[in-house]
Amino acid sequence: MSPPPLKYYDIFAMKKRPEMVRLAVVQYAQEHGLRATARACGMSLRTVWKWVHRYDGTLESLRDRSRAPRRRPRRIPEALEKRIVSLRRQLPTWGAERLRQDFELPCSAKAIRRVLHGQGLIGRRRWKKHQRKQDLRALKQQWRLFQQLQVDTKDLWDIPNYAVPMERYRLPRYLYTAREVVSGMVFTAYARERALVYSRLFLDRLLKHLKACGVDLRQVTVQTDNGSEFIGSWQKKGPSGFTELIERKQGATHRTIPPRSPTFQSDVEAFHGRIEAELFDVEQFTSPTDFLQSAITYQLFFNYLRPNRSKGGRTPWQILHERDPTLSPQIGALPPLFLESLLPSVSSPTLPKPPQVFYHVWSSD
């Protein structure tokens, strides 16, 4: 048998199964002797003797043995190990150091990690953000329709492709959006300012439309952030006009998210990213009328034709119709408008009048 073309340690570093390399060394040693094998393979005589001595005819005997100590004189008591395991199962997100500190365990964090590792309670990777979001999506699909209606505004003046036509044709600077969480259906409107009066006009029109389409407003919760366009002045002691409109006039519920918690509005924020990329970044608006027609077309496309991959590849209308066939097919066809046109004092000829009729949308029956 000829010696291996490479030295033992070079081959060993490249092999995924080192026992095969050791088998070749043993076979060569059985034919040529220990010293010749050591010289040919570039390894020590002691290493050659070790593998020849261990070999019993099976590959298992040529595999690495555990180097763990056979005795652990400082091993923690069995009762303490059981307590550590019990605490970890009750608090699976607590780390070793936190368990030691919070429960005053009489051992080091390293010892706690060793116990948890031995029980298979450590080393599991935490879910990544997209995995947590997928899990939350599954939870939201168990909600009833219109259990939560997320409402927010979006700045449009900082979109490069939109900034020039916005100033040239005096187009809206802000987008007002409401999104139904379960189906993903959206309702939009536009304005030149971000103000409480426009938020009230937007929600008053939207809630009347939902009620006319068969939605029970008593089951609707409108969720907003803590912007002044929703809560009014921070010095105001009572509820804002926006809240009074929703709860006293329409019978729905209004709640605000905790401060500095934008993820509570993740569904409506996701739509804002979509409409910026699919409408404002690609369209070249030439007039307020052209802008409004594009906005109406995009909302109809989003609600009735655009499949949502995060919701099983279905459109918002398909989800709504599957969950509640009694809802009117016109529910997603409320056309966007300029909120200034709803003010009694506005008579500017530059603002297109809002459509007076619904677009006809075919039912999926």
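Q: Could you give an account of the overall build of the protein, naming the residues involved and the relevant values?
A: For the protein, the count of helices and strands is 15 helices and five strands. Taken over 365 residues, the protein has a buried fraction of 42%. Long-range pairs, those at least 24 residues apart, make up 64% of the contacts in the protein with a sequence separation of at least 6.

Q: Explain the packing of aromatic side chains to me, and be specific about the residues and the numbers.
A: Enumeration over the complete set of coordinates arrives at 16 aromatic pairs. Pairing Y162 with F291 gives two aromatic rings, centres 5.9 Å apart and planes at 40°, and the pair type is tilted. Here the residue Y162 occupies a position in helix α9 (residues 160–169), and F291 occupies one in helix α14 (residues 288–304), the gap between them amounting to 129 residues. Residues Y162 and F291 agree in their burial class; the two are buried. The structure contains a cluster of three or more aromatic residues connected by ring pairs, namely Y162, Y190, F280, F285, F291 and F338.

Q: Report on the pattern of salt bridges, specifying residues and quantitative values.
A: Taken as a whole and assessed by the stated rule, the structure comprises 16 salt bridges. Ionic pairing is found between D216 and R218, a salt bridge with its closest N-O pair at 3.1 Å. For R218, a relative accessible area of 64% puts it in the exposed group. When the shortest N-O distance is used, the salt bridge between E322 and R314 registers 2.5 Å. One continuous salt-bridge network, built from bridges that share partners, spans E19, E60 and R63.

Q: Before we move on, could you go through the sheet that holds strand β4 (residues 221–224) and cite the residues and values that matter?
A: What the five strands build is an open sheet, ordered β3-β2-β1-β4-β5; its pairing is mixed. Two strands close off the open sheet at either side, each with one partner strand: β3 (186–191) and β5 (253–256). Averaged over all pairs of adjacent strands, the angle between strand axes in this sheet comes to 25°, irrespective of strand direction.

Q: Now, about the pairing of strand β2 (residues 174–180): what can you tell me, with residues and values included?
A: Along β2, seven of the seven residues are buried, which leaves the element largely enclosed by surrounding structure. In β2, alternate side chains face the same way, and those of Y174, Y176, A178 and E180 on one face and L175, T177 and R179 on the other are all buried. Sheet analysis places strand β1 (residues 149–155) next to β2, joined by seven bridges and oriented antiparallel. Bridge assignment links V151 to a residue of β2, and that residue is A178. Strand direction decides the pairing type here: β2 and β3, joined by six bridges, are antiparallel. Counted as the bridge partner of T177 is T188 from β3.

Q: Pulling in residues and values, what's your account of the nonpolar core?
A: A general feature of soluble globular proteins is that nonpolar side chains tend to end up buried together. Counting 39 residues, the largest nonpolar core has F146, L203, L210 and I331 as the members making the most contacts within it. Ranked by the residues each element gives to this core, the list is headed by helix α10 (residues 196–212), at six residues. Grouped together as the second largest cluster of nonpolar side chains are 18 residues, Y162, Y190, I275 and A295 included.

Q: Would you mind going over unusual backbone geometry in detail, with residue names and values included?
A: Here the phi dihedral of F146 falls at roughly 60°; this positive angle occurs in a residue that is not glycine. Summarising the element assignment, F146 is placed in the loop between α8 (129–140) and β1. Positive phi is not limited to glycine here, since R170 has a value of about 50°. A relative accessible area of 58% means that R170 is categorised as exposed.

Q: Quick rundown of the pairing of β4? Include the residues and the values.
A: Across the two faces of β4 the burial is the same, with T221 and Q223 and V222 and T224 all buried. Bridge count between β1 and β4: two bridges; the pairing is parallel. Its bridge partner being in β4, Q150 is matched across the sheet by Q223. As paired elements, β4 and β5 share four bridges and run parallel to each other. When the sheet's bridge partners are listed, Q223 is paired in β5 with R255.

Q: Tell me what's going on with helix α7 (residues 109–118), and back it up with residues and numbers.
A: Every buried residue of α7 is accounted for by A109, A111, I112, V115 and L116. Along α7, the residues classed as buried sweep out an arc of 160° about the axis, all on the same side. Exposed side of α7, more than 90 degrees from the buried face: K110, H117 and G118 are the residues found there. One or two residues past the end of α7 sits G120, with phi positive at roughly 70°.

Q: An account of the packing of helix α3 (residues 34–41) against helix α4 (residues 45–54) is requested, with residue identities and associated values reported.
A: At their nearest, the axes of α3 and α4 sit 9 Å apart, and the two run at 120° to each other. Viewed along their axes, α3 and α4 adopt a mutual orientation that is oblique. Between α3 and α4 the crossing geometry is right-handed. Contact with α3, carried on its side by L34, R35, T37 and A38, involves L45, V48, W49 and V52 of α4 and no other residues of that element. Classifying every residue of the contact of α3 with α4 gives six nonpolar, one polar and one charged.

Reading the values: the criteria
- Residues numbered from 1 in each chain as written.
- Predicted model: local features only at pLDDT ≥ 70, side-chain atom pairs only at ≥ 80, totals over all residues.
- Heavy atoms only, no water.
- Helix = DSSP H or I, 4+ residues; strand = E, 2+ residues; numbered from the N terminus.
- Buried < 20%, exposed > 50% of the residue type's maximum accessible area, 1.4 Å probe, protein only.
- Contact = heavy atoms within 4.5 Å.
- Phe/Tyr/Trp six-rings, centres within 6.5 Å; stacked < 30°, edge-to-face > 60°.
- Salt bridge = Lys/Arg side-chain N within 4 Å of Asp/Glu carboxyl O.
- Pairing = 2+ DSSP bridges.
- Axes fitted to C-alpha atoms, helices over the stretch in contact; angles between N-to-C directions.
- Core = buried A, V, L, I, M, F, W, Y, C linked by side-chain atoms within 4.5 Å.
- Arc of directions from axis to C-beta.
- Parallel < 35°, antiparallel > 145°, perpendicular 65-115°, else oblique.
- Left-handed = near helix turned anticlockwise from the far one by under 90°.
- Nonpolar A, V, L, I, M, F, W, Y, C, P; charged D, E, K, R; others polar.

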